[in-house]
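# Structure assessment
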Amino acid sequence: MTTYDHAHKRSMFLSPTHRNLLAAVVDRIIPPGGGLPGASEAGVAEHVEGIAGVSPQSRALLTNELKAIEAKSGRTHSKAFAALSDGKKTEVLKQVESEHTEFFVALVREAYSGYYSRAEVLRAKGLPLVAPQPEGYKIEPFDAGLLEGVRTRGKAYRDA
């Protein structure tokens, strides 16, 4: 297990009910299909929980937003979110998204970040399993001549 995995394990804080709800939510953001796993199968719910677990504010935000999703589902359809059809889940998420835009922007960003960092997803898409740097991509040698304008300008600073 990597240091990253250990850090995520330590920051897990959701109840089993909220963890299952988060898995259902991320599966609507990135559903399975085309030979690719859905978000929950790829561990995205755990990724999102781990990221949110780094601060009390983000923990509270995620927990409160999951409660809002469940409440909207109950008010709109008289059912738990997980019991809804995929279409109804999407409907509920769109409603909550319109009321909590900043949360959804962050949730979608972290869902995709977690999803496309998974080896099984990269393999399924035929992408290389290499680190982006230092050994992943070739970097052109640095051209020190690019700094000539800065050097000829001389020292520039401002007194306080």
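Look a little higher up for the structure.
Before going into details, it helps to say that this report is about the structure given with it. Being a predicted model, the structure only gives us computed values, none of them experimental. By convention here, each chain's residues receive numbers from 1 onward along its written sequence. In keeping with the model being predicted, local features are shown solely for residues with a pLDDT of at least 70 and side-chain atom pairs are shown and tallied solely at 80 or more, while totals for entire chains, interfaces and linings include all residues. Note that the side-chain values use all heavy atoms of the structure and ignore hydrogens as well as water.

## Things to note about the overall build of the protein chain
Stated precisely, the cut-off is as follows: Secondary structure elements follow DSSP: runs of H or I of four or more residues count as helices, runs of E of two or more count as strands, with numbering from the N terminus. Exposed residues in this analysis have more than 50% of their type's maximum accessible area, buried residues have under 20%, and partly exposed residues fall in between, with area computed by a 1.4 Å probe over protein chains only. Any two residues whose heavy atoms approach within 4.5 Å at even a single point are treated as in contact. The method behind every accessible area is Shrake-Rupley, applied with a 1.4 Å probe, and residues are considered shielded solely by the protein chains displayed.
Looking only at helices and strands, the protein chain features eight helices and zero strands. Order of helices (α) and strands (β) in the protein chain, N terminus to C terminus: α-α-α-α-α-α-α-α. The proportion of buried residues among the 160 residues of the protein chain is 31%. Expressed as a percentage of contacts within the protein chain between residues at least 6 apart in sequence, the contacts between residues at least 24 apart total 59%. Approximately 10400 Å² of the protein chain is accessible, and the part contributed by carbon and sulfur atoms is 56%.

## A few points about helix H5 (residues 86–99)
In plain terms, the rule: Given the number of residues in a helix, its expected span is that number minus one, multiplied by 1.5 Å. When we speak of the arc, we mean the arc of directions from the helix axis to the C-beta atoms.
With 14 residues, H5 should reach 20 Å at 1.5 Å per residue; the first-to-last C-alpha distance of 20 Å fits that figure. All of the buried residues along H5 are Lys 89, Val 92, Leu 93 and Val 96. When H5 is viewed along its axis, its buried side chains cluster within an angular range of 100 degrees and face the same direction. With respect to the buried face of H5, the exposed residues turned more than 90 degrees away are Gly 87, Lys 94 and Ser 98. Of the surrounding elements, those touching the buried residues of H5 are helix H2 (16–29), helix H4 (56–77) and helix H6 (101–115).

## Topic: the nonpolar core
How we decide: Only buried Ala, Val, Leu, Ile, Met, Phe, Trp, Tyr and Cys residues count toward a nonpolar core, and they belong to the same one when joined by side-chain atoms within 4.5 Å.
Among the nonpolar cores identified, the biggest contains 30 residues, and Leu 22, Val 25, Val 44, Leu 62, Ile 69, Phe 81 and Leu 107 are the most heavily contacted of them. Taken together, the elements giving at least two residues each to this core come down to H2, helix H3 (44–52), H4, H5 and H6. Of all the elements, H2 adds the most residues to this core, at seven residues. The contact partners of Phe 81, leaving out residues within four places of it in the chain, are Leu 21, Ala 24, Val 25, Arg 28, Ile 69, Glu 70, Ser 73, Lys 89, Val 92 and Leu 93.

## A word on the environment of Gly 50
Among the secondary structure elements, Gly 50 is positioned in helix H3. For the pair formed by Gly 50 and Leu 14, sequence separation is 36 residues and the distance between their alpha carbons is 9.8 Å.

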